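Letter by letter, the chains look like this.
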Amino acid sequence: MIKTRLRYCVYDPDPRGNPRYYVRKPGFKKVRIREVFEDRNGNISPEFMLAYFAALDGLSKKAAAPPSTPREKTFYWLVDQYCRSEEFKRFDVLTQNDKRGVLNRFCESAGNLPYEAFRTEDVERSRDKRSATPGAADKLVKYLRSLFKWAVRKKHAKTNPAIGVEKINETEGWHTWTRSEVERYRKHHEIGSKARLALEIMLNIGARRSDACRIGRQHEVDGYLEFVAWKGRNRAKTRKTIVARFTAELKLALTSTPTGDLTYLVNDLGRPFTIAGFGNKMREWCDAAGLSQCSSHGLRKASAVAMAESGARAPELCALFGWSKLETAEIYIREANKRVMVDNAFARLDEHRRKSVSLRGPKPGGETKRRNNSDKSTRK
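Residues numbered from 1 in each chain as written. Predicted model: local features only at pLDDT ≥ 70, side-chain atom pairs only at ≥ 80, totals over all residues. Heavy atoms only, no water.

### Digging into the overall build of the chain
The cut-off we apply is this: Helix and strand labels come from DSSP, where a helix needs a run of H or I of at least four residues and a strand needs a run of E of at least two; each type is numbered from the N terminus. The rule is simple: take the accessible area with a 1.4 Å probe, protein chains only, and divide by the maximum for that residue type; under 20% is buried, over 50% is exposed, in between is partly exposed. Residues count as neighbours in contact if any of their non-hydrogen atoms are within 4.5 Å of one another. Calculation of accessible area relied on Shrake-Rupley with a 1.4 Å probe; when residues are assessed, cover is drawn exclusively from the protein chains displayed.
For the chain, the count of helices and strands is 15 helices and seven strands. Within the chain, the fraction of its 380 residues that count as buried is 38%. For the chain, restricting intrachain contacts to residue pairs at least 6 apart in sequence, the fraction spanning at least 24 positions comes to 56%. Total accessible area on the chain stands at roughly 23600 Å², and carbon and sulfur atoms take up 52% of it.

Now the structure itself:
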């Protein structure tokens with residue numbers, strides 16, 4: 001997200017790049033503003049300003065946040081205990097903020113309820129109330145499952161009601177870049193630009209944006225890139241060391257582009273990107289190339305598809321992308337095998353057609369005449 005010219009107003013586009021504006025004030029639920037932000041002259045529209053002030057006025061009338069010492073056995077208390085736990089503190093700061101935000105919003109309606117009375121059907125009901133935003137609905141279920149898993153382990157709860165609750169978001173997630181989209185981006189952002197280097201890093205080694213903005217010369221080891229993945233780095237069970245080889249495309253981009261001291265990619269001030277800042281910059285670069293449907297998230301998926309199509313096996317994909325489950329790699333392998341099977345089917349069809357033409361093709365010249373002469377001699 002990036003800041004606008006208005007206090008508490010943030011720009012937060014959706015996964016397809018469509019503009020979205022919110023009033024986000026600490027301690028309150030964010031409010032969507034749907035009016036057009038700017039007019040043709042680049043000025044903030046009057047309709048937007050009216051909606052902006054109305055949103056601020058509505059937030060100022062809302063009740064204050066719950067007390068710092070919530071009543072025991074309520075969701076407010078459980079979430080507060082969870083956020084104070086050592087397990088929660090081991091999460092990345094961004095993950096902590098996301099979990100805390102989702103659970104606090106849930107507590108706005110359920111905070112004073114006894115969590116031990118919460119059942120699976122209650123979790124499903126909470127999920128379905130948010131069906132208009134299925135991604136957010138599924139995230140709530142995921143975080144409630146983690147919350148109760150911790151609570152059961154700490155003897156705060158006896159069961160986990162979120163276990164077995166299915167997802168409602170049936171989409172494939174972030175759009176996977178196609179080959180033509182990659183070429184379009186490359187054509188617009190030439191070798192030597194930071195935009196091109198960012199693509200080559202993520203595409204050639206399958207890096208997440210959290211890793212792409214951190215990788216630098218210090219991670220070069222004997223002709224390879226070796227680094228600890230940012231995601232899950234603080235937990236022994238999820239900590240992954242990624243080893244990737246330099247490809248010709250990545251080497252060319254690195255030797256042709258000015259880089260930073262500790263990170264290959266730096267912002268306009270010469271400093272390493274933050275994760276959010278890099279994501280916003282990739283959004284700008286994609287939009288400049290006319291690829292509003294593409295994002296940094298989709299490049300990692302495109303890299304996995306390309307590796308699977310080249311014949312990489314599931315353990316190899318897991319080693320490269322840092323996945324802990326072979327099932328994740330199998331998703332991309334099955335998708336790649338579909339294309340292989342389609343190509344094989346059409347190859348057999350082409351072969352069948354060639355054979356059919358050769359068998360039914362025009363007869364050699366003189367064949368009919370020789371047959372007629374033979375018939376005449378027989379009659380004699």
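Having seen it, we continue.
### Digging into the pairing of strand S6 (residues 224-228)
Our working rule: Paired strands, in this sense, are two strands between which DSSP finds at least two bridges.
Side chains Leu225 and Phe227 project from S6 onto a buried face, and the interleaved Tyr224, Glu226 and Val228 project onto a face without burial. Note that strand S5 (residues 220-221) and S6 share two bridges and pair antiparallel. Bridged to Val221 within S6 is Tyr224. Between S5 and S6, which follow one another and run antiparallel, lie two residues, and Asp222 among them has a positive phi close to 50 degrees. For S6 and strand S7 (residues 241-245), the ladder comprises five bridges, and the chain directions are antiparallel. By the bridge assignment, Val228 is partnered in S7 with Thr241.

### Considering the environment of Gly311
Mapped onto the elements, Gly311 comes out in the loop between helix H12 (296-309) and helix H13 (314-321). Spatially, the C-alpha atoms of Gly311 and Ala336 are 8.5 Å apart, while their sequence positions differ by 25 residues.

### Focus: the nonpolar core
The following threshold applies: Residues belong to one nonpolar core when they are buried, are Ala, Val, Leu, Ile, Met, Phe, Trp, Tyr or Cys, and are joined through side-chain atoms within 4.5 Å.
Counting residues in each nonpolar core, the largest one holds 51 residues, and the members touching the most others are Trp177, Tyr185, Ile201, Ile205, Phe278 and Met282. With sequence-adjacent residues up to four places away left out, Ile205 is seen in contact with Glu200, Ile215, Leu225, Phe227, Ala244, Arg245, Leu250, Ser303 and Leu320. Core analysis: the next-biggest nonpolar cluster, separate from the first, contains 28 residues, Trp77, Cys83, Leu144 and Leu147 among them.

### Topic: the packing of aromatic side chains
As a reminder, the rule being used: By convention, a stacked pair of Phe, Tyr or Trp rings (six-membered ring in the case of Trp) has centres within 6.5 Å and planes under 30 degrees apart, an edge-to-face pair has planes over 60 apart, and any other such pair is tilted. Here, a charge over a ring is recorded when the distance from Lys NZ or Arg CZ to the ring centre is within 6 Å and its angle to the ring normal is within 35 degrees.
Under the criterion given, the structure shown has 19 aromatic pairs. Residues Phe75 and Phe118 carry aromatic rings whose centres are separated by 5.0 Å and whose planes lie at 80 degrees to one another, so their mutual orientation is edge-to-face. Placement of Phe75 in helix H2 (residues 75-84) and of Phe118 in the loop between helix H4 (93-110) and helix H5 (120-129) is noted, with a sequence separation of 43 residues between them. Residue classification places Phe118 among the buried positions, given a relative accessible area of 9%. Taking NZ or CZ as reference, Lys30 lies 4.2 Å from the ring centre of Tyr22, over its face. When the ring centre of Trp230 is taken as reference, the NZ or CZ atom of Arg233 above it lies at 3.5 Å.

### Details of the packing of H12 against H13
Keep this limit in mind: Axis lines are fitted to C-alpha atoms, over the contacting stretch for helices. Their N-to-C directions set the angle, which ranges from 0 to 180 degrees. Each angle is binned into one of four classes, with values under 35 degrees roughly parallel, values over 145 roughly antiparallel, values of 65 to 115 roughly perpendicular, and all other values oblique. Note: crossing handedness is left-handed where the near helix turns anticlockwise from the far helix by less than a right angle, and right-handed where it turns clockwise. Lys, Arg, Asp and Glu make up the charged group, whereas Ala, Val, Leu, Ile, Met, Phe, Trp, Tyr, Cys and Pro make up the nonpolar group; the residues left over, Gly among them, are polar.
Closest axis-to-axis distance for the H12/H13 pair is 11 Å, and the angle between their directions is 150 degrees. Relative to H13, H12 is oriented roughly antiparallel. The way H12 lies across H13 gives a crossing that is right-handed. Contacts between H12 and H13 involve Arg300, Ser303, Ala304, Met307 and Ala308 from the first element and Leu317, Leu320 and Phe321 from the second. Class assignment of the residues belonging to the contact of H12 with H13 gives a composition of six nonpolar, one polar and one charged.

### Side note on H2
Counted residue by residue, H2 has eight buried out of ten residues, so it is predominantly covered. At its buried positions, H2 is contacted by helix H3 (86-89), H4 and helix H6 (134-153).

### Some points on the confidence of the model for the chain
Worth spelling out the cut-off: How sure the predictor is of each residue is captured by pLDDT, a score from 0 to 100.
Across the chain, pLDDT averages 85, with 89% of residues at or above 70. Confidence, read as mean pLDDT per element, is least for strand S1 (residues 2-3) in the chain (49) and greatest for helix H7 (residues 179-188) (95).

### Structural notes on the sheet that holds S6
Note: strands within a sheet are paired through backbone hydrogen bonds, in either parallel or antiparallel orientation. Taken in spatial order, the three strands make up an open sheet running S5-S6-S7, and their pairing is antiparallel. Edge strands, defined here as strands with exactly one partner in the open sheet, are S5 and S7.

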